Amino acid sequence: MSDERRVLKGIPASPGIAIGRALVYNRRFASIHQRPIPADGVEAEILRFRTAVDEALDDLTRLQRRIAVDFDQDILKIFRAHQAVLEDPEVVDVTVVRIRRERTNAEYIFDEVMRGWIASYSSIENPYFRERTADFEDVQYRVLAKLTGSAHTGIEAKDGEIVLVAHSLSPSDTAEIDRSAVCGFITDAGGQTSHTAIVARGLAVPAVVGTNIATQTISDGMMIIIDGNTGMVHLDPDADTIGRYRETKSQLSVLEHELQELHDLPAETRDGRRIELSANIELPAELEDVLNHGADGIGLYRTEFLYLVGNELPSEEDQTRTYQRIARRMAPNHVIIRTLDLGADKMPKEMPDEANPALGQRGIRLCLDRPEMFKVQLRAILRAGAEGNVSLMFPMISGLQELRRAKALFEEARNELLEDGVPVNQSMPVGIMVEIPSAALTAHDLAKEVDFFSIGTNDLIQYTVAADRGNPSIASLYNPCHPAVLRLVASVIDAAHDNDIWVGVCGAMAAHPLAACILLGLGVDELSMSPIDIPEIKSLIRSADYQELKTITREALDLSTSEEIMRFLKPHQPKTELDVSDMMRI
Ligand code: PEP
Ligand code: MG
C-alpha cells in the first residue's frame, strides 16, 4: 500500500483520537449462496439454525438490559418486537420445515422466508404493518450475521478499542452500539453538522465522516487511527505513527483534565461580559455528560431523536416523564425543549418521499400539518413545564403567520390542560429557532411575539449559501464566516436586543473557536453546543476581551469574502492557556 493509500481524508466530526481495530458495519449481505445439505447433515443444519436464533435472542435480551439504563422505555418496544418475530412459529418453524424438506442450507432458506414476509408486509397499505418490515429486516440481519459468521466475530478487540466503520449511522444504529466497546466512528457519508456527526459528539466519541470510501477500503480487524480534530484516518499505521498518536492522546487527556478545572467557573470575558454556555442534547442518556462538562443549562433538546430511535411517537405520558426527568436533573438550570424537527436528514421511515426534503415537509411544517400529533407533544412539554425551568422552542419557523399558528396550538393545548385541572407553567417562555433566511430577515417582527431566539446556524448556513450541510463534496462552500451568513446573524442579534429579548446560537458554529469569538463580538447572549465542546469554549471566553471583539467584528462585517474575514480576525482570537489546536499538530 502506498503512503497516500494508508491515509483517508474525511471531515472531522467529533474531536479526539481513537486507536483501535476496525469493525465494518454492513447491514447488507451481498451473497447468500444456496448450498445442498446431505441427508445425514440435515439435523445438524437445523441445530445450527436454532443456535443462531437463540444467540440472536440472547443479544436482544442483553441489548434491552443496556437500553433500559440509557434510553427511555419506548425504545425497548422495538427490540421486544424483534424478539417477537424470532419467537414466531411462522418464521422459525417454517424455516426448519423447509431446511428439512429442501435439504438446503439454513441461511438461504431463512433469507427466503424473511424476504417473503418483508415483501408481503411492505405491500400492505396500513402504515402500522408497513413499519413492521423494518423489524423483519433487523431480525433477518441479526440471524444471518450469526449464520454467516459476519457477526463481527473475527475481531479481537478489547473493550473500548473497536473503530466502527459504516456507510452512515442512523440514530437507531447508535442505540445498538455498545459504547463501552466502541472508541471511534468513520462513515462514508455525512458532513460536519449531519446527524451522524451530532450523535458522535453527543456520545463524546472521536469521529470522521464524509470519507466516501471508508467501507470499501477498510476491512474488519484492520488497525486504525482516527484523528477527529483533523479528519485524518490512518490505515494499518506503522509503529512510529501509533507511538506519536498515543503520545498526543495522553497529552489530550491531561488537557481535558485541566479543562475540567473550569467546571464551576462562569463563562465570563476578562472585561466582565457573562455568556450562558448551554448544551445540546439528542437523548436523555447524554445528561450526565452535560453536568460533567459544566453547562449552564440545556440550550437545545432535539426531541425528534426520541421518535427516530423508536418507530412511533412516544405517548403523552412517556414524553412527559422524559421531559420531567431532564428538567429535574438540570434544575435549577434551564432546559429548552425543541418541538419535533423531523424531516430532511432526520427522516423516519414512514415519511413520504419528497424530491427536495430539506425544503419540504420538515419541522414545524409537518407539526402544523398534523395538529393532533403535535398537541400530544405540546401537552407533554407544558406538563413538564410545571417543574419551572422548562422553555419551549419551535424549529424551522419561516415567518410570522407560521409562528402564530404554532402559538395558537400551544395555547389550545394549555387551555385544555388547565380545564382538566392539570398543573402547567402559565408563563412558560416560548422561543424560536432562527434558521431560515426569511425568519432572519423578518426577525424584527418575530421578536415582538416570542421570548427568545436561538439561531440555528447549521440550517441557516445551508439555506443561505444553498449548500447541503451533509454533502462532503461541497463542504468548502458551507462556511460560517461567509459575509452573508455573518451579516444575517448580526441582524438577528440586533433585532432581538432592539426588542429586549435574549438571543443564542445553537448551531455547530457556536463551538468553533474563531466563529465563537465573532458571535461573542456580535453580542450574543448564549452559546449552546455539544457538552464536550463546552470547556474549550469556556476557556476561550474567559481569555477574551468583549469590547475589543465587539469593535473588530463590526469591522469584519464590511469585508467581502470569508477568507478576508478569517484572515482579519484570526490574530484577534484570544490565546488560551489550553490551546487544543496547537497540540493537534502531529
Ligand atoms: C441548526 O440548524 O443549527 C440546529 C441547531 O438544528 P439541527 O442541527 O437539529 O437542524
Ligand atoms: Mg436546524
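Residues numbered from 1 in each chain as written. Chains lettered and ligands numbered in written order. Predicted model: local features only at pLDDT ≥ 70, side-chain atom pairs only at ≥ 80, totals over all residues. Heavy atoms only, no water.

Asks: Would you explain the pattern of salt bridges in this entry?
Replies: Any two side chains of opposite charge can pair, given that their charged atoms come close. In total, this model carries 27 salt bridges according to the counting rule given. With its nearest N and O atoms 3.5 Å apart, the salt bridge here joins E102 to R101. Classification of E102 as partly exposed rests on a relative accessible area of 33%. Judged by its relative accessible area of 60%, R101 is exposed. (Salt bridge = Lys/Arg side-chain N within 4 Å of Asp/Glu carboxyl O. Buried < 20%, exposed > 50% of the residue type's maximum accessible area, 1.4 Å probe, protein only.)

Asks: What should I look at first to understand helix 21 (residues 534-543) in this one?
Replies: Three- or four-residue spacings in an α-helix give side chains the same orientation, since the helix completes a turn every 3.6 residues. The buried count for helix 21 comes to eight of 10 residues, which makes it a mostly enclosed element. Those residues of helix 21 that fall on the buried side of the exposure criterion are I534, P535, I537, K538, S539, L540, I541 and S543. On its buried face, helix 21 sits against helix 9 (239-260), strand 9 (276-281), helix 20 (513-522) and strand 16 (526-529). (Helix = DSSP H or I, 4+ residues; strand = E, 2+ residues; numbered from the N terminus. Contact = heavy atoms within 4.5 Å.)

Asks: Sorry if this is basic, but what is going on with the confidence of the model for the protein chain here?
Replies: A low pLDDT means the predicted coordinates there should not be read in detail. On average, residues of the protein chain carry a pLDDT of 86, and 85% of them reach 70 or more. Between residues 152-157, whose pLDDT stays under 50, and residues either more than four places distant or in other chains, the model counts 11 contacts. Low pLDDT (under 50) marks residues 580-586, which in the prediction has 18 contacts with non-local residues, meaning those over four places away or in another chain. (pLDDT = per-residue confidence, 0-100.)

Asks: I tried to follow the packing of helix 14 (residues 371-385) against helix 15 (residues 400-419) on my own but got confused; where do I start?
Replies: In helix packing, the relevant descriptors are the interaxial angle and the interaxial distance, both defined with respect to the helix axes. In contact at an axis separation of 9 Å, helix 14 and helix 15 are set at 60° when each is read in the N-to-C sense. With respect to each other, helix 14 and helix 15 are oriented oblique. The two elements helix 14 and helix 15 meet at a crossing, and its hand is right-handed. Residues P371, F374, K375, L378, R379, L382 and R383 of helix 14 lie in contact with helix 15, whose contacting residues are L409, F410, E412, A413, R414, E416 and L417. Class assignment for the residues of the contact of helix 14 with helix 15 results in eight nonpolar, no polar and six charged. (Axes fitted to C-alpha atoms, helices over the stretch in contact; angles between N-to-C directions. Parallel < 35°, antiparallel > 145°, perpendicular 65-115°, else oblique. Left-handed = near helix turned anticlockwise from the far one by under 90°. Nonpolar A, V, L, I, M, F, W, Y, C, P; charged D, E, K, R; others polar.)

Asks: Is there a simple way to think about the coordination of the magnesium ion (ligand 2) in this case?
Replies: The reference angle at a metal is 109.5 degrees if four donors form a tetrahedron and 90 or 180 degrees if six donors form an octahedron. Summarising the metal site, the magnesium ion (ligand 2) is bound by the protein donors E435 (OE) and D459 (OD), whose distances to it range over 2.0 to 2.1 Å. Linking E435 in the loop between strand 13 (430-434) and helix 16 (437-441) with D459 in helix 18 (residues 457-465), this pair joins segments that are 24 residues apart in sequence. The pair formed by E435 and D459 is uniform in burial state, with each residue classed as buried. (Donors = N, O, S within 2.8 Å, 3.2 Å for Na, K, Ca; no water.)

Asks: For this particular structure, what's the right way to read the sheet that holds strand 13?
Replies: Sheets are built from strands paired through backbone hydrogen bonds, the pairs being either parallel or antiparallel. The strand order around the closed barrel formed by eight strands is 9-10-11-12-13-14-15-16, and the pairing between neighbours is parallel. Averaged over all pairs of adjacent strands, the angle between their axes in this sheet comes to 25°, without regard to strand direction. Sheet strands touched by helix 15: strand 12 (390-394) and strand 13. Its angle to strand 12, the strand with the most contacts, is close to 140°. (Pairing = 2+ DSSP bridges.)

Asks: How do you make sense of the environment of I501 when you look at a structure like this?
Replies: Within the element layout of this structure, I501 appears in the loop between helix 19 (483-498) and strand 15 (502-505). Look at I501 and you get buried, because its relative accessible area is 10%. Through-space distance from the C-alpha of I501 to that of V450 is 8.0 Å; in sequence the pair is 51 residues apart. In this structure I501 touches A447, V450, D451, F452, F453 and A496, once residues within four positions along its chain are discounted.

Asks: For this particular structure, what's the right way to read the sheet that holds strand 3 (residues 17-25)?
Replies: The strand order across the open sheet built from eight strands is 1-8-7-3-4-5-6-2, with neighbouring strands paired in mixed fashion. This sheet does not close on itself; its edge strands, each paired only once, are strand 1 (7-9) and strand 2 (11-14). On average, adjacent strands in this sheet sit at an angle of 30° to one another, irrespective of strand direction. Bridging between strand 4 (residues 162-166) and strand 5 (residues 182-187) involves five bridges; their strand directions are parallel. Among the inter-strand pairings, V165 is bridged to a residue of strand 5, identified as I186. Sheet strands touched by helix 9: strand 3, strand 7 (223-227) and strand 8 (232-235). Its angle to strand 3, the strand with the most contacts, is close to 115°.

Asks: Explanation requested: empty space enclosed by the protein in the structure shown.
Replies: To find leftover empty space, one rolls a probe the size of a water molecule over the atoms. Evaluation of the coordinates by the stated rule reveals three cavities of 30 Å³ or more. Its volume calculated, the second largest cavity comes out at about 40 Å³. Lining the second largest cavity are L259, Q260, L262, H263, N292, H293, G294, P535 and K538. Secondary-structure elements contributing two or more residues to the lining of the second largest cavity are helix 9 and helix 21. (1 Å grid on protein atoms, 1.4 Å probe; cavity = no way out; pocket = protein on both sides within 12 Å on 5 of 7 lines; lining within 4 Å. Points joined across faces, edges and corners; volume = space filled by probe spheres on them.)

Asks: What should I look at first to understand the side chain of E45 in this one?
Replies: Relative to the elements of secondary structure, E45 occurs in helix 1 (residues 42-70). When near neighbours in sequence (up to four residues on either side) are disregarded, E45 contacts R35, I37, I99, T104, N105, A106 and E107.

Asks: Help me understand the site of ligand 1 in this model?
Replies: Near ligand 1 you find 17 residues, and of these R302, R338, G456, N458 and R469 are the closest. At 2.8 Å, a side-chain N or O of R338 approaches an oxygen atom of ligand 1. When ligand 1 is considered free in solution it has 290 Å² of accessible area, and contact with the protein chains removes 100% of it. Looking at the shell around ligand 1, the elements that each hand over two or more residues are helix 7 (195-202), strand 10 (297-302) and helix 18. The element best represented in the shell around ligand 1 is helix 18, accounting for three residues. Among the residues forming the shell around ligand 1, the class breakdown is four nonpolar, five polar and eight charged. (Near = heavy atom within 4 Å. Polar contact = N/O pair within 3.5 Å; in protein donor to acceptor, adjacent residues only side chain to side chain. Areas by Shrake-Rupley, 256 points an atom, 1.4 Å probe, with all protein chains shown as cover.)

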